[in-house]
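# Examining the three-dimensional arrangement
Each chain is listed here by its residues.
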Amino acid sequence: MKRAVLIAVVFALGVLAGYLARDCRLQHGKPDLPRCVRVIDGDTITVLWYGETNAVRLVGIEAPEIRRGPKLQKQSSALNISPDAMLRLGNSARQYAQAVLAGQPVTLVFQNGTKPEHDSFGRLLAYVEYAGSDLGSELIENGYVWPRSEERHPRLEEYEAIGESARAAKRGLHGWVGRIIHSLSRSPGFRSIRPAQS
């Protein structure tokens, strides 16, 4: 019994030490450029950084869901777009992010400088930049996602201005807003999806 408790304590201390060392490397360590290893959806990616995989939630944007559930229904109702169309739009956002990020080095820009922040799911919160571009603003500009206005962050005004431009031009999901979807293209590519004529 004592041996089992001792093993559990040593294990817990090891896990804690590893977490603290990782956090210290994130804040003060030698820069190690993260590499995108997976795009989960339009606003979440996984990066390989300091030899570990980390989920990263892009700050300031909201992407359509890629799975059915209450959040998809809420988005569908809020935007007046059918759930089926929302799923296609969500998958298109993910495909776009995969096309530009797959295996690429990225820069994670934290809202408060170099100190990483995490959301309630344990994901790092950051702006994701690649090849000199801000992925979040690109996704908004092309109508794949929309800015999260309720989330205060340093690029909020910029993201809202880009979102307004995308809405005015009816780019991406903004071309679907308020329209009844009669049928959906079988093509998975976002650019092949067109709103039904009213």
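The structure we're discussing is the one just above.
Below is a summary of the structure that appears in this document. (Residues numbered from 1 in each chain as written. Predicted model: local features only at pLDDT ≥ 70, side-chain atom pairs only at ≥ 80, totals over all residues. Heavy atoms only, no water.)

### Some remarks on the nonpolar core
Membership of the largest hydrophobic core comes to 30 residues, with the highest contact counts inside it found for Ile45, Leu108 and Val128. Contributing elements (two or more residues each) for this core: strand S1 (35–41), strand S2 (44–49), strand S3 (52–58), helix H3 (83–101), strand S7 (124–130) and helix H4 (135–141). Apart from the residues within four sequence positions on either side, Val128 is in contact with Ile45, Val56, Leu58, Leu101, Val106, Thr107, Leu108, Ser133, Asp134, Leu135 and Gly136. Judged by nonpolar contacts, the second largest core, of ten residues, contains Leu72, Ile81, Ala85 and Trp176. (Core = buried A, V, L, I, M, F, W, Y, C linked by side-chain atoms within 4.5 Å. Buried < 20%, exposed > 50% of the residue type's maximum accessible area, 1.4 Å probe, protein only. Helix = DSSP H or I, 4+ residues; strand = E, 2+ residues; numbered from the N terminus. Contact = heavy atoms within 4.5 Å.)

### Points about the layout of surface pockets
Using a probe with the size of a water molecule, rolled over the atoms, empty space left in the structure can be pinpointed. Its boundaries defined by the atoms lining it, the largest pocket holds a volume of some 340 Å³. Lining the largest pocket are 20 residues; nearest its centre among them are Arg57, Lys71, Asp119, Phe121 and Arg123. At the level of secondary structure, the elements contributing two or more residues to the lining of the largest pocket comprise S1 and S3. (1 Å grid on protein atoms, 1.4 Å probe; cavity = no way out; pocket = protein on both sides within 12 Å on 5 of 7 lines; lining within 4 Å. Points joined across faces, edges and corners; volume = space filled by probe spheres on them.)

### Focus: the packing of aromatic side chains
By convention here, two paired aromatic rings are described through the distance between centres and the angle between planes. Taken as a whole, this structure holds four aromatic pairs when the rule is applied. Its guanidinium or amino end placed over the ring of Tyr127, Arg155 lies 4.0 Å from that ring's centre, counting from NZ or CZ. (Phe/Tyr/Trp six-rings, centres within 6.5 Å; stacked < 30°, edge-to-face > 60°. Lys NZ or Arg CZ within 6 Å of the ring centre and 35° of its normal.)

### Some remarks on the packing of helix H2 (residues 70–79) against H3
Following both chains from N to C, one finds H2 and H3 inclined at 105 degrees, their axes separated by 9 Å at the closest point. Here H3 runs roughly perpendicular to H2, going by the angle between their axes. Contacts between H2 and H3 involve Leu72, Gln73, Gln75, Ser76 and Leu79 from the first element and Pro83, Met86 and Leu87 from the second. Tallied by class, residues from the contact of H2 with H3 come to five nonpolar, three polar and no charged. (Axes fitted to C-alpha atoms, helices over the stretch in contact; angles between N-to-C directions. Parallel < 35°, antiparallel > 145°, perpendicular 65-115°, else oblique. Nonpolar A, V, L, I, M, F, W, Y, C, P; charged D, E, K, R; others polar.)

By themselves, these are just geometric observations and shouldn't be taken as functional.
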